[in-house]
Amino acid sequence: MKARKSKKRAPSFRKLLKTSKVKLDNKLKNKQYKQQSTAKKYRKEQRKLRQAVKDVVSKKPVPLDDGKQVLRAQRTEEEEEEALPLDMMDEDDLQLLKDLGQMPSFLTRDLSSSEPVHVKKRKQESIIDKYEKVPRRLQTEPEKEVIHLLPIKDKCGIIPQTREKPVVNSNTPEEEEQEEMEFEEVVTEDPMPKLTTEEHIIERRRKLQEKKIHIAALASAILSDPESNIKKLKELRAMLMEQDPDVAVIVRKLVMVSLMELFKDITPSYKIRPLTETEKASKVRKETQKLREFEEGLVSQYKFYLENLEQIIKDWKQRKLKKSNVVSLKAYKGLAEVAVKSLCELLVALPHFNFHNNIIVLAVPLMNDKSKLISEMCCEAVQKLFKQDKLGHASLGVVKVISGFVKSQNYVVRPELLKSFLYLRIKEIEVKKDTEDINAPKKFMSYKEKRKSLSRMQRKWKKAEEKLERELREAEASESTEKKMKLHTETLNMVFVTYFRILKKAQRSPLLPAVLEGLAKFAHLINVEFFDDLLVVLHTLIESGELSYRECLHCVHTAFHILSGQGDVLNIDPMKFYTHLYKTLFKLHAGATNEDVEIVLQCLDVMLTKRRKQVSQQRALAFIKRLCTLALHVLPNSSIGILATNRVLMHTFPKTDLLLDNESQGSGIFLPELDEPEYCNAQNTALWELHALRRHYHPVVQRFASHLIAGVPSEGSEALRPDLSRRSATELFETYSMKTMTFNPPVMSANPPKKDKIFHVDSFLNEDLSQLIRTYCNETTVQPLDFTRYLKTSVQ
């Protein structure tokens, strides 16, 4: 039994099947390596032979005898001369030497050593035996594999048949090219003629046209049948690595844009998830299998495409030049711009598809890029995504990444990042102040509840009704209102966390105007618990004196937005904000601050019109008087907006029409230099500024001034046109803007009255004035006075 246990058994067939794949791969690699090494040795010997033949042909003297061989020959001659002749030895000694020469130990033993013969005998014999067992092969010939064929039988017997196995050439293309060059005879050829500039341009156009046709053919094949030709996406994507330096940059740009448009067209309207092991093992129909292969190929190629775009942008950022040196460093910027443009298009077009979060992570840091073009492209893409996102998934992902990025950069970023929050579509739905206030979704009645409160027939109808409602919910494509509210609440929390961090830690940051503007927009959604602290912070910022005038206006606007919504329940007197706005109104003028008039108009609407119950008559009179004075020294569009605001205030506070009378009301004198609107005695003054504005050069300003002097009538000759009365002050400010440095509306020239046909033109008029005459009248007669008036207006 022990003998059987110690005896090694041959491996069974089942054990051989369990041999690891790694072991089999290693065996195959070793076999291939041996074949390659023998082939290399063979090629080396052939190379030496060819070199020797070339040397002989070129008649170069090559020494046949080496110096070492000459020395060896001289030593053998000296040994032969010094050797003892055999005829001088005894017969017994000669016989002994012959016997020793027959023994292997005598041949292999070192005669200079004094060790006995039997030492290390076994070891030396084993080495010799191993050496003798190794088959002799020529080193110059590679090992050949033989295929055994069917034998042939004749009269003499069976003749075995064999054939050499064809050797697969495993050389690299570089080695093959090198061998071909070595086999060719050394022949001096003339170099290729260099192309001229014109020929080079023609050749480049030809190559570019071929590439364009190839790209178009692949793209049209994919669009015609995406499921069958999905593998051609790989071929098209491989052209992103174009190596021809003449057309490499343009071809790569074309391929990037083509792939972007292809993915926008062939991508399904759902997210593709990976298959489970059970689904992979199950048998499906051919159509289903084809669809699975298409989805798998689409996702993989889309992933590789995004990785290629990311690598192009990284190479441009790192100013990293490739080893191939096909594309110059200057061309990397153009490639990066196209890559960013493709990313932005995919960000907006495919918010539902795979890897959308990866695109967001790539695009958000580029919003803060030094390049203005790239930064604007990314900001516009994010704003467009916010505008069209109805569900809120994509918006939440972008807001999270922006919030984290602003924090990681220590709030030193472009204000455009935070201004993009203003495009969120959260204001369109009713979002509660806390997630707990959102009503719970409707629940179906349990069996016990039905049993207690419903009869048998009612239970039957209730069951059918609930079944139908479940089916309708499953078939409904739009998300539920509860889910939207939850997503929007989480998004707003991230926005407010970002805003409050900047207010707390980076009050001197250039991000403050964007933060205040965002707080003003979403103020009605802020929790009431934060109102007191926010108002204190805003007032502290205004009093610090470190903010610009526009930032102070944003603080005032934000504070009144907070108080106009849920802040009505709070007993807070914002008199300090009224005072600040009243005393800083005269900082506006027709220069750089003219654009700030829009924010002032918004503040006045929130402070006076929407809070009419909390505003006293004295305060309203003071603001109307100061606004009329301000309208005298601003641009026409600002004057129109201010007068439109005064019109609304006079409708809201009817008793303010006393400013249109010349007689004073009450005691005291008007104090225009006083900064307190409650105590400046505005009831003792009159709106004399309206008479100056009545003679304004802008027709709309004239119309508004006449309308206010007449007491703001709704009917009659002094009433406003509907296009003026129905628009708000801010809309009028934008409508009559003078950003293009032209009159808005344009000044119309008066039509000359038609007179009798009398032609009087002095003879000194030259040829240049004749053109003016032709344009002035189509008839043959003109009066000199009318023509002189026309000449003056045309010169002006």
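Refer to the structure presented above.
Everything quoted here is computed from the prediction, not taken from an experiment. (Residues numbered from 1 in each chain as written. Predicted model: local features only at pLDDT ≥ 70, side-chain atom pairs only at ≥ 80, totals over all residues. Heavy atoms only, no water.)

### Remarks on unusual backbone geometry
One can expect most non-glycine residues to show negative phi and most peptide bonds to be in trans.
Thinking step 1. Phi is positive for N410, which is not a glycine, with a value near 60°.
Thinking step 2. The residue N410 is located in the loop between α17 (393-408) and α18 (415-419) in this model.
Thinking step 3. In this model, N681 sits at a positive phi of 55°, which is unusual for a non-glycine residue.
Thinking step 4. Among the structural elements, N681 can be located in the loop between α28 (636-652) and α29 (689-693). (Helix = DSSP H or I, 4+ residues; strand = E, 2+ residues; numbered from the N terminus.)

### Re the pairing of strand β2 (residues 158-164)
Thinking step 1. Two strands pair when backbone bridges link them, and strand β1 (residues 146-153) and β2 are joined in this way by 6 bridges, in the antiparallel orientation. Across the sheet, K153 pairs through a bridge with I158, a residue of β2.
Thinking step 2. A loop of 4 residues connects β1 with β2, the two strands running antiparallel in sequence, and G157 in this loop sits at a positive phi of about 145°. (Pairing = 2+ DSSP bridges.)

### Comments concerning empty space enclosed by the protein
Thinking step 1. Tallying each qualifying case throughout the model produces 1 cavity of 30 Å³ or more.
Thinking step 2. In this structure, the largest cavity encloses a volume near 50 Å³.
Thinking step 3. Residue lining of the largest cavity: D389, G392, S395, L424, R425, I426 and H488, and that is the complete set.
Thinking step 4. Looking at the lining of the largest cavity residue by residue, the class counts come to 2 nonpolar, 3 polar and 2 charged. (1 Å grid on protein atoms, 1.4 Å probe; cavity = no way out; pocket = protein on both sides within 12 Å on 5 of 7 lines; lining within 4 Å. Points joined across faces, edges and corners; volume = space filled by probe spheres on them. Nonpolar A, V, L, I, M, F, W, Y, C, P; charged D, E, K, R; others polar.)

### Side note on the packing of helix α9 (residues 197-224) against helix α11 (residues 248-266)
Thinking step 1. Their axes nearest at 11 Å, the elements α9 and α11 cross at an angle of 10°. It follows that α9 is roughly parallel to α11 by the angle criterion. Contacts between α9 and α11 involve R204, L208, K211, K212, I215, A219, I222 and L223 on the former and, on the latter, I250, V251, L254, V255, S258, L262, D265 and I266.
Thinking step 2. Residues of the contact of α9 with α11, tallied by class, amount to 11 nonpolar, 1 polar and 4 charged. (Axes fitted to C-alpha atoms, helices over the stretch in contact; angles between N-to-C directions. Parallel < 35°, antiparallel > 145°, perpendicular 65-115°, else oblique. Contact = heavy atoms within 4.5 Å.)

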